[in-house]
Amino acid sequence: MLKGKTIVIGVSGGIAVYKMCDVVSRLKKLNANVHVIMTKSATEFVSPLTFQSLSMNPVVVDMFEKIQKWDIEHISLAKSADLFLVSPATANIIGKIVNGIADDMLSTTVMATKAPVIIAPAMNTNMYNNPIVQNNITKLKEFGYNFIDPEQGRLACGDLGIGKLANVTTIIESITNTLINNKPLDEKKILITAGPTREPLDPVRFMTNYSSGKMGYAIAEAAAMQGAEVTLISGPVNIPKPSNIKKYIPIKTATEMFEAVKENLSQQDIVIKTAAVADYRPKIYENQKIKKSDGDINLTLTRNTDILKWIGMHKNPQQYIVGFAAETNDVMENGIKKLHNKNVDLIIVNDITSVNAGFESDTNCVTLIDKNGLKQNHAVMPKKELAYVILDYITKQISK
Ligand code: CTP
């Protein structure tokens, strides 16, 4: 997804340096070319060798140090950057940049770049709230530098308050959003279904599943970030509704979801069905609470419409349809069967029994299989990142 993009990361000193190992490794998974520049004090927390191994590029520490086997000077590093991230950014490096002080490799390179610069501060609360630091940040914003605000939490010094480096996923999202600013889904209309459905038995009980809606909501948010007009049809979930979408249709039952899909399908360019739709509902809905008796009771269930299959039968040839396959066994075989049975363009298969994947997890591990049988495996990654990977794949397919 970030193939061909060069990201230069300036790491300045602070306990949060260790988090940057994860950032570098995730950017590599997204195929970015990553170069790390460390200040001397950053090397007190994590060794340059760690970043060198993770980024697969030499790490630069100081301008006056000999850079083995490496002929790129700081200016060419500054030029090659598609994006420059300074993280964690100390009060010191922020102060240097705003005052034009260039006295080491990081401050020199960041000042020589024309790429967008994102700064993620991390420091003690009082330092961060200090009017001098705040004034520096305001000035840099005015110069066009972007900031990822630190978070509230327990800091290394034991204080509670603002100053913790933003979490890794927020940093990655901010990078991908900045780099994908050409809005590849501009004017595309995308229908996304997400979450579980609830199938009521009586006024107090229902059947449902563990779907959290996280995957569908992440795709909805990412698609809107990329310029798409998103309609999100959602079952009951406990996560906030993405703020940037065009239309939000809350539903409870599979039947309600089907009605909403039918009403909105014809206008769409792309449909992504992440929802975990109940295949059955209680045949009889009791208007009054079912009272218990001593013996067992039998519940008769009746089939709900397979909404995705219906879409596969009624879609127009220009529409690109994506299904998910939640499997516990014979994962690939079952996924391929669904791809053909439901006549979809792409099926995203996941083994919901594996660790770090499935319904309630913040991460997922999937394989994308298209109509021609082409498979693309992805390592475990946060759903918010996977959303961009999936959309990137779809964008390439529809622009062929
Ligand atoms: N789906 C749907 N309507 C249903 C059931 C499923 O639209 N009544 C969609 C889901 O949104 C998903 C895909 O079909 O995109 C596969 O759903 P999944 O639950 O994995 O499979 P099922 O088709 O229900 O088959 P099974 O339960 O037998 O695995």
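Residues numbered from 1 in each chain as written. Predicted model: local features only at pLDDT ≥ 70, side-chain atom pairs only at ≥ 80, totals over all residues. Heavy atoms only, no water.

Caption draft 1: Spotlight on the domain arrangement of the protein chain. With domains assigned, the protein chain is organised as domain 1 (6-179) and domain 2 (189-289 + 298-398). Taking the mean C-alpha position of each, domain 1 and domain 2 sit 37 Å from one another. On the side of domain 2, nine residues touch domain 1, which itself brings eight residues to the contact. Between domain 1 and domain 2 lies a buried interface of about 710 Å² when both sides are counted; carbon and sulfur atoms form 62% of it. Linking domain 1 with domain 2 are one salt bridge, by the criterion used here. (Domains from an automatic or database assignment. Contact = heavy atoms within 4.5 Å. Buried area = accessible area lost by both parts, 1.4 Å probe. Salt bridge = Lys/Arg side-chain N within 4 Å of Asp/Glu carboxyl O.)

Caption draft 2: Molecular detail of the packing of helix H4 (residues 91-99) against helix H7 (residues 131-142). At their nearest, the axes of H4 and H7 sit 9 Å apart, and the two run at 50° to each other. Viewed along their axes, H4 and H7 adopt a mutual orientation that is oblique. The handedness of the crossing between H4 and H7 is left-handed. Between H4 and H7, the contacting residues are Ala-91, Ile-94, Gly-95, Ile-97 and Val-98 on the first element and Val-133, Asn-136, Ile-137, Lys-139 and Leu-140 on the second. For the contact of H4 with H7, the class distribution of residues is seven nonpolar, two polar and one charged. (Axes fitted to C-alpha atoms, helices over the stretch in contact; angles between N-to-C directions. Helix = DSSP H or I, 4+ residues; strand = E, 2+ residues; numbered from the N terminus. Parallel < 35°, antiparallel > 145°, perpendicular 65-115°, else oblique. Left-handed = near helix turned anticlockwise from the far one by under 90°. Nonpolar A, V, L, I, M, F, W, Y, C, P; charged D, E, K, R; others polar.)

Caption draft 3: Local environment of the site of the ligand. The ligand sits among 15 residues. The nearest are Lys-273, Ala-275, Leu-308, Lys-338 and Lys-342. At a separation of 2.9 Å, an oxygen atom of the ligand approaches a polar side-chain atom of Asp-279. Here a nitrogen atom of the ligand and a backbone polar atom of Thr-305 are 3.0 Å apart. Put simply, the ligand lies in the largest pocket. Elements that contribute at least two residues to the shell around the ligand include exactly helix H11 (307-314) and strand S16 (320-327). If one sorts the elements of the shell around the ligand by residue count, S16 sits on top with four residues. (Near = heavy atom within 4 Å. Polar contact = N/O pair within 3.5 Å; in protein donor to acceptor, adjacent residues only side chain to side chain. 1 Å grid on protein atoms, 1.4 Å probe; cavity = no way out; pocket = protein on both sides within 12 Å on 5 of 7 lines; lining within 4 Å. Sits in = over half its atoms within 2 Å of the grid points.)

Caption draft 4: Here's a closer look at the packing of helix H10 (residues 254-264) against H11. Direction vectors running N to C along H10 and H11 enclose 20°, while the axes themselves pass 10 Å from each other. One finds that H10 runs roughly parallel with respect to H11. The crossing of H10 and H11 is right-handed. Residues Ala-254, Met-257, Phe-258, Val-261 and Lys-262 of H10 form the contact with H11, whose participating residues are Ile-307, Trp-310 and Ile-311.

Caption draft 5: Representation of the sheet that holds strand S8 (residues 189-194) within the structure. If you walk across this open sheet you meet the eight strands as S12-S11-S8-S13-S16-S17-S19-S20, and the pairing is mixed. For this open sheet the edge positions go to strand S12 (247-250) and strand S20 (375-377), each flanked by a neighbour on one side alone. The mean angle between the axes of side-by-side strands here comes to 15°, regardless of whether they run parallel or antiparallel. Running over the sheet, helix H12 (residues 331-341) touches S16, strand S17 (346-351), strand S19 (366-370) and S20 and is turned about 155° from S17. (Pairing = 2+ DSSP bridges.)

Caption draft 6: Quick peek at the layout of surface pockets. For the largest pocket, the calculated volume is near 680 Å³. Taken together, 31 residues make up the lining of the largest pocket; nearest its centre are Ala-275, Ala-276, Val-277, Phe-324 and Ala-326. Elements represented by at least two residues in the lining of the largest pocket include exactly helix H9 (214-225), H11 and S16. Its residues placed into classes, the lining of the largest pocket shows twelve nonpolar, eleven polar and eight charged. As a volume, the second largest pocket reaches approximately 320 Å³. Along its surface, the second largest pocket is lined by 19 residues, and Ile-15, Ala-16, Ala-122, Ala-156 and Gly-163 are the ones closest to its centre. (Points joined across faces, edges and corners; volume = space filled by probe spheres on them.)

Caption draft 7: Main features of the environment of Pro-382. Counting through the fold element by element, Pro-382 comes out in strand S21 (residues 381-382). With 20 residues separating them in the primary sequence, Pro-382 and Asp-362 have C-alpha atoms 5.7 Å apart. Not counting residues up to four positions away in its chain, the partners in contact with Pro-382 are Arg-26, Thr-169, Asp-362 and Thr-363.

Caption draft 8: Up close: H4. The buried fraction of H4 amounts to seven of the nine residues, a majority that puts the element mostly inside the structure. Looking at H4, one finds that the buried residues are Ala-91, Ile-93, Ile-94, Gly-95, Lys-96, Ile-97 and Val-98. Contacts made by the buried residues of H4 are with strand S3 (83-89), helix H5 (105-112), strand S4 (117-121), helix H6 (125-129), H7 and strand S5 (146-147). Positive phi appears at Gly-100, one or two residues downstream of H4, with a value of about 70°. (Buried < 20%, exposed > 50% of the residue type's maximum accessible area, 1.4 Å probe, protein only.)

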